[in-house]
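Close look at the chain arrangement
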Amino acid sequence: MANRGLFITFEGTDGAGKTTQIQRLSTELRQTGYDICLTREPGGTPISEQIRDMLLNPDHGEMAATTELLLYAASRAQHVSEIIKPALESGKIVISSRFADAMVVYQGYGRGLDLERINRLNRIATDGVTPDVTFVLDLPVEIGLQRVQKSRGGLDRLEREKIDFHQRLRDGYRALAEQEPQRLKLVDAQASPEQVYVQIEAAIQPLLQK
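Summarised in this report is the structure supplied together with it.

Conventions adopted
- Residues numbered from 1 in each chain as written.
- Predicted model: local features only at pLDDT ≥ 70, side-chain atom pairs only at ≥ 80, totals over all residues.
- Heavy atoms only, no water.
- Helix = DSSP H or I, 4+ residues; strand = E, 2+ residues; numbered from the N terminus.
- Rg over C-alpha atoms; globule rule 2.2 N^0.38 Å.
- Expected span 1.5 Å × (residues − 1).
- Buried < 20%, exposed > 50% of the residue type's maximum accessible area, 1.4 Å probe, protein only.
- Arc of directions from axis to C-beta.
- Core = buried A, V, L, I, M, F, W, Y, C linked by side-chain atoms within 4.5 Å.
- 1 Å grid on protein atoms, 1.4 Å probe; cavity = no way out; pocket = protein on both sides within 12 Å on 5 of 7 lines; lining within 4 Å.
- Points joined across faces, edges and corners; volume = space filled by probe spheres on them.
- Nonpolar A, V, L, I, M, F, W, Y, C, P; charged D, E, K, R; others polar.
- Axes fitted to C-alpha atoms, helices over the stretch in contact; angles between N-to-C directions.
- Parallel < 35°, antiparallel > 145°, perpendicular 65-115°, else oblique.
- Left-handed = near helix turned anticlockwise from the far one by under 90°.
- Contact = heavy atoms within 4.5 Å.

1. Notes on the overall build of the protein chain
Looking only at helices and strands, the protein chain has eight helices and five strands in total. Secondary structure elements of the protein chain, listed N to C terminal, follow the sequence β-α-β-α-α-β-α-α-β-α-α-β-α. For the protein chain, whose C-alpha radius of gyration is 16 Å, the value lies close to the compact-globule estimate of 17 Å for 210 residues. Reported as C-alpha extents along the three principal axes, the dimensions of the protein chain are approximately 45 × 35 × 30 Å.

Written as structure tokens, this is what we have:
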């Protein structure tokens, strides 16, 4: 691996199993001797976590789509500056639950905001940082939301959106995976966690050997 670290992101609709796969991957990489930085979006820093609270609070149902977009961008800018860039420059493997693709999908495909405007904001917020590989865990939205409800007993502001919103998110992720197949790896999240991890591990190994 080069002096710059490796940036791995996990995307997908809610309940697709991102947390399970991230925990397994990070544990196995640590056991192999890699220095891991585990983080998430929105969040990852004290400032970004406060923005996360605003974004996901079910009481903020009046939040405008553009406000939502700008808050995600602000959270990402702080996250990149404070956590991701320094970790990569020190040679760490950064694993993040969600990154810039999520804003394209949620605010673009989900909210219907202009994709070029979103991409411009992402270029500012990411400061040139792009994941080396992104795993898109793909799952029917009804199954995912049932999983979330069962595991947490409640839904946040975005999870409470109507089912057609969540379907647009799934369609958006699948579209991005088709547009950029070299980086975005579409993974069938209906398979068992073990089968899902086999697909992830197969894609990670060549990157670790560079």
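2. Focus: unusual backbone geometry
Across residues other than glycine, the phi torsion is negative in most instances, and most of the peptide bonds are trans. The amide bond that connects Glu41 to the next residue, Pro42, takes the cis arrangement and shows omega of -15°. In this structure, Arg98 is a non-glycine residue whose phi angle is positive, near 80°. With respect to the secondary-structure elements, Arg98 resides in the loop between β3 (93-97) and α4 (100-110). The residue Asp127 is not glycine, and still its phi comes out positive at about 50°.

3. A short note on helix α5 (residues 115-126)
With 12 residues, α5 should reach 16 Å at 1.5 Å per residue; the first-to-last C-alpha distance of 16 Å fits that figure. Those residues of α5 not exposed but buried are Ile118, Leu121, Asn122, Ala125 and Thr126. Burial along α5 is one-sided: seen end-on, the buried residues are contained in an arc of 120°. Of the residues flanking the end of α5, it is Asp127, one or two places downstream, whose phi is positive at about 50°.

4. Structural notes on the nonpolar core
If you look at the biggest cluster of nonpolar residues, it comprises 25 residues, and the most contacted ones within it are Leu55, Met103 and Tyr106. Sorting the residues of this core by element identifies α2 (46-56), α3 (65-89), α4, α5 and α7 (163-179) as the ones contributing at least two each. The next biggest cluster of nonpolar side chains, apart from the first, holds 22 residues, and it includes Phe10, Ala16, Leu29 and Val196.

5. Considering the layout of surface pockets
In this structure, the largest pocket occupies an estimated 890 Å³ of space. The wall of the largest pocket is formed by 39 residues, among which Asp14, Lys18, Thr19, Ser97 and Arg98 lie closest to the centre. If you list the elements that add at least two residues to the lining of the largest pocket, you get α1 (18-32), β2 (36-40), α2, α3, α4, α6 (141-152) and α8 (193-208). The greatest single-element share of the lining of the largest pocket, amounting to six residues, is contributed by α1. Taken as a whole, the second largest pocket spans an internal volume of roughly 370 Å³. Taken together, 19 residues line the second largest pocket, and the ones lying closest to its centre are Ala100, Asp101, Val104, Asn119 and Arg183. Elements with a contribution of two residues or more to the lining of the second largest pocket: α4, α5 and α7. The dominant element in the lining of the second largest pocket, judged by the number of residues it contributes, is α5, at five residues. Within the lining of the second largest pocket, the residues separate by chemical class into nine nonpolar, six polar and four charged.

6. Some words on the packing of α4 against α7
Between two packed helices, what matters for the description is the angle formed by their axes and the separation of those axes. α7 packs onto α4 with a crossing angle of 130° between their chain directions and a minimal axis gap of 9 Å. On the basis of their axis angle, the class for α4 and α7 is oblique. In the packing of α4 onto α7, the handedness of the crossing is right-handed. Residue-level contacts link Asp101, Ala102, Val104, Val105, Tyr106, Tyr109 and Gly110 of α4 to Phe165, Arg168, Leu169, Gly172, Tyr173, Ala175, Leu176 and Gln179 of α7. Grouping the constituent residues of the contact of α4 with α7 by class yields 10 nonpolar, three polar and two charged.

7. Let's talk about the packing of α6 against α7
Closest axis-to-axis distance for the α6/α7 pair is 10 Å, and the angle between their directions is 115°. In terms of orientation, α6 lies roughly perpendicular with respect to α7. Taken as a pair, α6 and α7 cross one another with a handedness that is right-handed. Of the residues in α7, those in contact with Val141, Glu142 and Leu145 of α6 are Ile163, His166, Gln167 and Arg170. By residue class, the composition of the contact of α6 with α7 is three nonpolar, two polar and two charged.

As far as function goes, none of this settles anything; it's purely spatial.
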